[in-house]
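Analysis of the macromolecular model
Below, each chain spelled out in residue letters.
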Amino acid sequence: MTRFRRLYYDNENIHQLLKEKASEMRSISDEWQFYNYSQVKAKRLLEKWNRSENE
């Protein structure tokens, strides 16, 4: 009985660790998406400014 209980708690701990890691990966993904969006936005602004200077 105690062995099964220990396995249950081990599985619960592993499940909790996986949830934390998934949350961490999501936040990293969100940061990268924001970074990429910012890069694209900055590039478009530069292109717009360059066009307006050339006109």
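Residues numbered from 1 in each chain as written. Predicted model: local features only at pLDDT ≥ 70, side-chain atom pairs only at ≥ 80, totals over all residues. Heavy atoms only, no water.

Side chains of Met-25, Ile-28, Trp-32 and Tyr-35 sit close together on the surface and give an oily, nonpolar patch of about 430 Å² of accessible area. Tracing the chain through its elements places Met-25 in helix H1 (residues 2-54). Classification of Met-25 as partly exposed rests on a relative accessible area of 49%. (Patch = residues over 30% accessible without salt bridge, like charges linked within 9 Å, V, L, I, M, F, W, Y side chains within 5 Å. Areas by Shrake-Rupley, 256 points an atom, 1.4 Å probe, with all protein chains shown as cover. Salt bridge = Lys/Arg side-chain N within 4 Å of Asp/Glu carboxyl O. Helix = DSSP H or I, 4+ residues; strand = E, 2+ residues; numbered from the N terminus. Buried < 20%, exposed > 50% of the residue type's maximum accessible area, 1.4 Å probe, protein only.)

The subject of this paragraph is a positive patch on the surface. Side chains of Lys-41, Arg-44, Lys-48 and Arg-51 sit close together on the surface and give a patch of like positive charge. Mapped onto the fold, Arg-44 is located in helix H1. With relative accessibility at 57%, the residue Arg-44 sits in the exposed group. (Lys, Arg positive; Asp, Glu negative; His and termini not counted. Charge placed at Lys NZ, Arg CZ, Asp CG, Glu CD.)

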